[in-house]
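Chain by chain, the residues run as shown.
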Amino acid sequence: MTPEEALLIAVQAGINSPCCKSKRGVVIFNEHPLTGHLCTGWNSPPTGYTCTGTDTCRGNCSKVCVHAEQAALLQALACGHPVTGMSMLHVKVEHGKAVYGGPPSCVSCSKLILDSRLRYMYLLESTSMSVVRYTAAEFHQATLKNLGLLE
């Protein structure tokens, strides 16, 4: 599966997000041409909770919701799919379309991506809206740098 094909699946995953603040979608996939995606995820409150869309909910979304990356990794774990050497693509979705979602900025997710031994992480670039590839280590480093945790 190509990153461009994965992008279409990640957008569909993002559309599933019940989040009122920021719909995000992720796909974990194998770049080998004969195989497709393993798992998808979208940001949402944990099971049994709902997104209310209130100012309190929106202000605490990043702290209380399961991020799309986390959801996809949990799905892979629940289904017994090893993700070592696989790729992940993350996208923000607005009005059913992929949009720039910002630079790497969630250390909780970047740690999981690195330690789950994913090979690559893909995001949309702000200027060209093209898919940009990071190694898992580069993605974690960029996250730390963007958060001011690394000089």
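What counts and how
- Residues numbered from 1 in each chain as written.
- Predicted model: local features only at pLDDT ≥ 70, side-chain atom pairs only at ≥ 80, totals over all residues.
- Heavy atoms only, no water.
- Helix = DSSP H or I, 4+ residues; strand = E, 2+ residues; numbered from the N terminus.
- Buried < 20%, exposed > 50% of the residue type's maximum accessible area, 1.4 Å probe, protein only.
- Polar contact = N/O pair within 3.5 Å; in protein donor to acceptor, adjacent residues only side chain to side chain.
- Contact = heavy atoms within 4.5 Å.
- 1 Å grid on protein atoms, 1.4 Å probe; cavity = no way out; pocket = protein on both sides within 12 Å on 5 of 7 lines; lining within 4 Å.
- Points joined across faces, edges and corners; volume = space filled by probe spheres on them.
- Nonpolar A, V, L, I, M, F, W, Y, C, P; charged D, E, K, R; others polar.
- Phe/Tyr/Trp six-rings, centres within 6.5 Å; stacked < 30°, edge-to-face > 60°.
- Lys NZ or Arg CZ within 6 Å of the ring centre and 35° of its normal.

Visitor: I would appreciate a short explanation of unusual backbone geometry in the present structure.
Guide: Leave glycine aside and you will find that most residues have negative phi; peptide bonds, for their part, are mostly trans. Despite not being glycine, His 95 shows a phi value in the positive range, around 50°. The residue His 95 is located in the loop between strand S3 (87-94) and strand S4 (97-99) in this model. Judged by relative accessible area, which is 82%, His 95 ranks as exposed. Of note in the backbone geometry, Met 129 takes a positive phi value of approximately 60° without being a glycine. Within the secondary structure, Met 129 is located in the loop between strand S5 (120-124) and strand S6 (131-135).

Visitor: Looking at this model, I keep getting lost on the side chain of Ser 17. Mind explaining?
Guide: Mapped onto the secondary structure, Ser 17 falls in the loop between helix H1 (3-15) and strand S1 (23-29). Of the residues examined, Ser 17 reaches a relative accessible area of 2% and is grouped as buried. Among the polar contacts listed, one links the side chain of Ser 17 to the backbone nitrogen of Cys 19, at a separation of 3.2 Å. Setting aside residues no more than four positions away along its own chain, Ser 17 makes contact with Ser 22, Lys 23, Arg 24, Trp 42 and Asn 43.

Visitor: Even after reading the chapter, I still don't get the layout of surface pockets, so can you show me in this structure?
Guide: Unfilled space is identified by rolling a water-sized probe across the atoms. Space inside the largest pocket adds up to approximately 430 Å³. In this structure, the largest pocket is lined by 21 residues; those nearest its centre are Arg 24, His 67, His 90, Ser 105 and Cys 106. The calculated volume of the second largest pocket comes to roughly 160 Å³. Lining of the second largest pocket is provided by Thr 40, Gly 41, Trp 42, Ser 44, Pro 45, Pro 46, Thr 47, Val 66, Ala 71, Leu 74 and Gln 75. Sorting the residues of the lining of the second largest pocket by element identifies strand S2 (37-42) and helix H4 (68-79) as the ones contributing at least two each. For the lining of the second largest pocket, the class distribution of residues is six nonpolar, five polar and no charged.

Visitor: Could you clarify how one ought to interpret the packing of aromatic side chains in this entry?
Guide: Remark: the centre distance and the inter-plane angle together describe each pair of aromatic rings, the angle taken between the planes. Under the definition given, this model contains three aromatic pairs. Pairing Phe 29 with Tyr 122 gives two aromatic rings, centres 5.9 Å apart and planes at 35°, and the pair type is tilted. With Phe 29 in strand S1 and Tyr 122 in strand S5, this pair connects stretches of sequence that are 93 residues apart. The exposure class assigned to Phe 29 is buried, which follows from its relative accessible area of 0%. Here the aromatic rings of Tyr 134 and Phe 139 are separated by 5.8 Å at their centres, their planes lie at 70°, and the arrangement is edge-to-face. Residues Tyr 134 and Phe 139 agree in their burial class; the two are buried. In this arrangement the basic side chain of Arg 133 is found over the ring face of Tyr 120, its NZ or CZ atom lying 4.0 Å from the centre.

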